[in-house]
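As a plain string of letters, each chain reads:
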Amino acid sequence: MRLLHRRQLGNDGISSADEEEPHGLGSRSKWSNNGAPYRGVHASGSTTPAPPPAHGHDRAPAPSATVLAVVVLVIFCCAEGSPDPPGWLLKPLAMTGLVYLGLKLLTFKRWGDEHRAVPRFLACFLAMLVELSVENGMVWLVSASDTRKYDNVPGLQDNVELAIRWAGQQHPRLWWAARAKWVNTKHFLGALLALAFSPLWDQVPFSGFGLMSRAVLTIAASRVLRMACFMCTVLPNPQPGCYARRFPPVPATAWETIKAGYTTIRGFGGCNDLIFSGHAAFWVLAPLALQSYAPRPRWAVGLLWIALVQACIRDVVDRQHYSVDMLLAVVVTWGVWNALAWVYPHTQPLPRRKPGAAADKPHPLVLGLIAACLLVAGVIVIGGKA
């Protein structure tokens, strides 16, 4: 019995089943009520807390990102169709928010973790910009190459649209919910940016640059697949006559046609870039990212999924896309997101910070990078009408 007991406890009196693991969201059972990890169980049945890790930084994973969830709720409560606040109120609020964000950036203690993730983010961000630039030209080219662009070809039959319209006739409230102007791309971008900045308030035990590396690379990779899909098969737009309303006549030469896609044609909206939806491919990133890096409270993640479903249904009944475009956008982007988990794994939260450790200083170039990225996001989403 004594030999068996010693084998169970090991040479140092610690059960081999309770050897210390890197702490994270999946190892909550290793933590006591006051946040101290258990080293093991002694023969007497008592437990002894382990000393703090010798490396890393001083906070455990936040059990619930409540502040982040409230911010997401506020963003999604500002419906697309609601009236804008008066200018005398909006400008002071915006300036106050920017000043507060600047102060949090300057007083943030864990800049060392962010600096290590910057090269990875820059590579992913540049890949996204290259892809979006190429895609802008492809959207024009697929519309220009449509041999029936002037024929007012009727759209394809969409059984989901037909079912929603039938249900709307039976229940007017369902029709109102399907067509309600609730959220758009800016809302989902706001939720994604709120997650990226949430480490400033210790809402998630991850790097903002790290998790956004995975997000922007998912945008690039999924939209490469999107380009391949819509360039392979040209589907008629659900609204006949789209080309005449949106694009100029096709230039005489091939070179001028290609050149127009990068000099004359602006924005990311086309006529035949349908399968699959670029909007839905971006919208789904917000619930996927929150589900991965801030899964609690669950109602915030659920709110994003509900908003995504409503936005996709509205695009279908408004005949901006076919339902298959929206379905494939969600499924393909979800698959790409999971495939790119290695870029910044959500199973490896940042370690703790040593008690009393000096705050890391922000690098001016990194602060400039944040400002530049926010500007690019504004140009793409607002200026490009993505």
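One can find the structure itself at the top, above this paragraph.
The paragraphs below set out a description of the structure included in this document. (Residues numbered from 1 in each chain as written. Predicted model: local features only at pLDDT ≥ 70, side-chain atom pairs only at ≥ 80, totals over all residues. Heavy atoms only, no water.)

### Description of the state of the cysteines
Tallied over the entire structure, the rule returns 1 disulfide. Linked covalently through their sulfurs, C242 and C271 form a disulfide whose S-S length is 2.1 Å. Between C242 and C271, the S-S torsion sits near -85°, and that sign places the bridge as left-handed. One end of the pair, C242, is in helix 9 (residues 242-246); the other, C271, is in the loop between helix 10 (254-263) and helix 11 (278-283), and 29 residues separate them in sequence. The same class applies to C242 and to C271, which are both buried. (Disulfide = S-S within 2.5 Å. Helix = DSSP H or I, 4+ residues; strand = E, 2+ residues; numbered from the N terminus. Buried < 20%, exposed > 50% of the residue type's maximum accessible area, 1.4 Å probe, protein only.)

### Some points on the side chain of D273
Among the structural elements, D273 can be located in the loop between helix 10 and helix 11. What makes D273 buried here is its relative accessible area of 6%.

### So, the nonpolar core
Core analysis: the largest hydrophobic core is formed by 75 residues, its most contacted members being F76, F188, L195 and W283. Here this core gets 10 residues from one element, more than from any other, and that element is helix 13 (residues 298-317). In this structure W283 touches N184, T185, F188, L308, A311, C312, D315 and M326, once residues within four positions along its chain are discounted. Within the second largest apolar cluster, 13 residues are counted, among which are W140, V142, M227 and A260. (Core = buried A, V, L, I, M, F, W, Y, C linked by side-chain atoms within 4.5 Å. Contact = heavy atoms within 4.5 Å.)

### With respect to helix 13
Counting along an α-helix, one turn takes 3.6 residues, and residues three or four places apart therefore face a common direction. In this model, helix 13 (20 residues) spans 29 Å end to end at C-alpha, consistent with the 28 Å of a helix rising 1.5 Å per residue. The buried fraction of helix 13 amounts to 14 of the 20 residues, a majority that puts the element mostly inside the structure. Looking one or two places after helix 13, you find R319, whose phi comes out positive at around 60°. (Expected span 1.5 Å × (residues − 1).)

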